[in-house]
Amino acid sequence: MARAQRRYLALAPAGLISLLALLALPSQSVLADTSLGNWTATAGSYSIDTTALTLTGPGTSFVGQDDSGIATFTFDTVDVPVGATITVTGTLPLELIADGSFTLDGSINGDGASAADEAPTGSGSAGGPGGGNGGPGGLNPGSGPGAGGAASDSTNGAGGGAFGGAGAAGGVVSGSGTAGAGGTAYGDLLTQLQGGSGGGGASTGGASVDGGGGGGGLAIVAPTGTVTIGGAATISVDGGGGALGANGASGGGSGGGILLEAHAISNGGALTADGGEGGAGGCCGGGGGGGGGRISLVYNTLTGAGTTSVAGGTSYVRTSAFGSGGSSGTEPDPTGASGVITSISPPTTTTASRTIASPQVGQTETLNAAVSTSVISAQPTGAVVFSDAGGVLCTATLSQGSGSSTGSCTYRVGASTGDSITATYSPNGPYAVSTATLAAVAVPVSGANAGPLGLLSGAMAVLAGALLAVSGLVLRRRQLGQSIR
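Residues numbered from 1 in each chain as written. Predicted model: local features only at pLDDT ≥ 70, side-chain atom pairs only at ≥ 80, totals over all residues. Heavy atoms only, no water.

### Some remarks on the overall build of the chain
Here's step 1: Assigned secondary structure in the chain consists of four helices and 28 strands.
Here's step 2: Approximately 18,800 Å² of the chain is accessible, and the part contributed by carbon and sulfur atoms is 56%. (Helix = DSSP H or I, 4+ residues; strand = E, 2+ residues; numbered from the N terminus. Areas by Shrake-Rupley, 256 points an atom, 1.4 Å probe, with all protein chains shown as cover.)

Pasting the structure below:
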C-alpha cells in the first residue's frame, strides 16, 4: 500500500534513496512525510476528527493528512499519560505514527455509537472512525461491507453487523415474514486498515429504531521503534448496541479494527473490538448481536501480558413466551461470531549473490542481497550482514522497492574467504530474521597480478635483483681499486 511504503521510506537515510526511486512513488506518498514533532500529552480529554483531520485538546492543536483515505498524524515520538483520554470520530480510519517511540498509558476510544430506544436519528447511529453507521430507523440495513440486514416487516428483528466475525440474524415471529440477516465477515488489517459495519435498523409499532454503529479502525505504528501499551491503558473500537423496539428490534454493530505495528511491541493494557448487543424486541423479534472485530499485532519482538478481545455481541433472546398469546417463533442467533486476532512477526526471504565467479586474493568483490515479505505490503527495512568463518565481511543497508528491498556492499577478498558466505537479514522494523548462504569457492593465488601476495612476491624478486646488482658493483669497485694500487 502507498501508506505503508510512505511511512517506511520516511525513515531511510536520504542518501540511500535515489531520486528516480522517489519519482517512481505516488506523489501523495512522498508528500505525506511531514512530522508534527514530539507530542507529550497531559491528563485531560482530547478529540480526533478524522473527517476534519484535526487533533485537539489541552494546549494541543494538530492537523493531520489524508493518506490514501486514512487520517494520518505523524510524530517523532508520542507519550499519552494516565488520565489522558482520546476520543476518535469521523469517516476515515485513523493512523498514529511515531518515528521513534509511542507510549500509551491513557485511553483511546473509537467505539461505534449505540442506538437510543425508539429515538431514531434519521441517519443511523454513527460508526467509529471509518466504521459503518447503523441502519436508519425503519426497515433499513446498516452500512459497511458486512452490514446487518433489515427484517421484512416491523414484527421481526434486524441482523447484526460483521467484520472479523459474522453478525447474528434477528428473531422472527412465527408466520410473519423474515428477520434481518447477520452480516458476512470480511477484511484483513494486514492489507487494509478499516472499521466495522453497522447493524440493521427496525420499524416498530411506535417510533422506529436505528441499528448500532460499527466500531472504528485504529492503527498505531512505530516502524523502526517501539509501541508500549501500559498496564492501565485501553484501546477500544467496540460496536454500538441495537435498540428496544415496541415490536421488532435493531441489530448491534460489529467490532472495529486495531492494528499495532512496530519493531518492538509491549502490551500490558487492554485492547477490545467487541460486537454490540442486539436490541430487545418489545413483543416480537429481537435484534441480532454484532460480530467481533479484528486485532492485529505486527512486530519483530512482542512482550507483555495485556489482553485482547474480539467477542461477538449478545443477541436479545426472550425468556418468556415468544410473541402475544404464547405463539412461538425463531429466536435470534445467541451471539455474533467471535472476531479474529492476528499476532505475527512477518516471515522474510533473503537471497544473495556474488559478482565474481572465481575471486582471487586481493580483489574487491560486491555482494548483493534482496529481502522480501508477502505478509505486509511494506517491504523489509534494516540491513544484511555478510560473514564467513573469519567474521563479518561487509554490511549492506537495504533500500525498499515495490516487491523487495535490496542492498549491496563490497569487501577485499582474503585467503580465508574461500569459505561459504552467510547473508543474515538484521531487521529494524516489524520483520523476522532470515538468512541465505553463498557456496564456498576456490580462491587461487597466482602471479604478481593476483593481489597483494603476488605483488609482494614480485617486489621481493626485484629487491633480490637489486641486491645482486649492488653486490656486483661493490665487487667491481674493489677489483678496480686493487688494479690502481
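### A few points about the environment of P93
Here's step 1: Within the secondary structure layout, P93 lies in the loop between β8 (84-89) and β9 (94-98).
Here's step 2: With a relative accessible area of 8%, P93 lands in the buried category.
Here's step 3: Between the C-alpha atom of P93 and that of I70, which follows or precedes it by 23 residues, the distance is 5.4 Å. (Buried < 20%, exposed > 50% of the residue type's maximum accessible area, 1.4 Å probe, protein only.)

### A word on the side chain of S107
Here's step 1: As for its placement among the helices and strands, S107 is situated in strand β11 (residues 107-109).
Here's step 2: Here T85 takes part through its side chain, which lies 3.4 Å from a polar atom of the side chain of S107.
Here's step 3: In this view, S107 contacts A84, T85, I86 and T234; residues no more than four positions away in its chain are not counted. (Polar contact = N/O pair within 3.5 Å; in protein donor to acceptor, adjacent residues only side chain to side chain. Contact = heavy atoms within 4.5 Å.)

### Quick word on the sheet that holds strand β24 (residues 391-397)
Here's step 1: Here four strands make up an open sheet; going across it, the order is β24-β23-β27-β28 and the pairing antiparallel. If you trace the sheet from one side to the other, it starts and ends with β24 and β28 (435-438), each paired once. For this sheet, the mean angle separating the axes of adjacent strands, direction not counted, is 25 degrees.
Here's step 2: Two elements, strand β23 (residues 382-388) and β24, share six bridges in a ladder whose sense is antiparallel. In the sheet register, V385 faces β24, and the bridge partner there is T395. (Pairing = 2+ DSSP bridges. Axes fitted to C-alpha atoms, helices over the stretch in contact; angles between N-to-C directions.)

### Details of the pattern of salt bridges
Here's step 1: Counted according to the given criterion, the structure contains one salt bridge.
Here's step 2: Linking E365 and R354 is a salt bridge whose minimum nitrogen-to-oxygen distance equals 3.0 Å. With E365 in strand β22 (residues 364-372) and R354 in strand β21 (residues 349-354), the pair connects residues that are 11 residues apart, well separated along the chain. For the pair formed by E365 and R354, the shared burial category is buried. (Salt bridge = Lys/Arg side-chain N within 4 Å of Asp/Glu carboxyl O.)

### Considering unusual backbone geometry
Here's step 1: Non-glycine residue L53 carries a positive phi angle of around 60 degrees.
Here's step 2: Not every positive phi belongs to a glycine, and S68 is a case in point at roughly 55 degrees.

### Topic: the sheet that holds strand β2 (residues 44-49)
Here's step 1: In spatial order, the strands read β4-β3-β2-β8-β11-β14-β16-β18; together these eight strands make up an open sheet with mixed pairing. Looking at which strands have only one partner, the edges of the open sheet turn out to be β4 (60-63) and β18 (307-309). Going from strand to strand, the sheet's axes swing by 10 degrees on average, the running direction of each strand aside.
Here's step 2: Here strand β14 (residues 234-236) runs beside strand β16 (residues 270-272); their pairing, made up of three bridges, is parallel. What sits directly across from S236, in β16, is T272.

### Let's talk about the state of the cysteines
Here's step 1: Under the defined criterion, the tally for this structure stands at one disulfide.
Here's step 2: Disulfide partner of C394: C409, at an S-S distance of 2.1 Å. Disulfide C394 to C409: torsion about the S-S bond roughly 55 degrees, handedness right-handed. Here C394 is found in strand β24, whereas its partner C409 is found in strand β26 (residues 405-412), with 15 residues between them in sequence. (Disulfide = S-S within 2.5 Å.)

### Some thoughts on the nonpolar core
Here's step 1: The biggest cluster of nonpolar side chains holds 37 residues, and the ones touching the most others in it are W39, I108, I235 and L260.
Here's step 2: Excluding residues within four positions of it along the chain, W39 makes contact with Y46, L55, T60, F62, F75, T77, V78, D79, V80 and I86.
Here's step 3: Membership of the second largest hydrophobic core comes to 34 residues, among which are V371, L398, Y431 and V443. (Core = buried A, V, L, I, M, F, W, Y, C linked by side-chain atoms within 4.5 Å.)

### What to know about the pairing of β22
Here's step 1: Across six bridges, β21 lies against β22 in antiparallel orientation. By the bridge assignment, S353 is partnered in β22 with N368.
Here's step 2: With eight bridges joining them, β22 and β26 adopt antiparallel strand pairing. When the sheet's bridge partners are listed, L367 is paired in β26 with C409.

### Here we look at the environment of D111
Here's step 1: Tracing the sequence through the fold places D111 in the loop between β11 and β12 (172-173).
Here's step 2: D111 sits 161 residues away from T272 along the chain, and the two C-alpha atoms are 9.6 Å apart.
Here's step 3: For D111, the contacting residues outside a window of four places in its chain are G128, S236, V237 and D238.
Here's step 4: Side-chain polar atoms of D111 contact the side chain of S236, separated by 3.1 Å.
Here's step 5: Separated by 2.8 Å, the side chain of D111 and the backbone nitrogen of D238 make a polar contact.

### Some remarks on the confidence of the model for the chain
Here's step 1: Residue-level pLDDT values for the chain average 85, and 81% of them are 70 or greater.
Here's step 2: Here residues 1-32 is modelled with pLDDT under 50, and outside its nearest four sequence neighbours on either side it reaches 59 contacts, counting other chains as well.
Here's step 3: A low-confidence stretch, residues 319-328 (pLDDT under 50), is modelled with 14 contacts involving residues beyond four sequence positions or located in other chains. (pLDDT = per-residue confidence, 0-100.)

### Comments concerning the packing of aromatic side chains
Here's step 1: Counted under the stated rule, the structure contains five aromatic pairs.
Here's step 2: Ring geometry for W39 and Y46: centres 5.6 Å apart, planes at 75 degrees, overall edge-to-face.
Here's step 3: Look at W39 and you get buried, because its relative accessible area is 3%.
Here's step 4: Overall, the relative accessible area of 2% leaves Y46 in the buried class.
Here's step 5: Chaining the aromatic ring pairs together yields one cluster made of W39, Y46, F62 and F75. (Phe/Tyr/Trp six-rings, centres within 6.5 Å; stacked < 30°, edge-to-face > 60°.)

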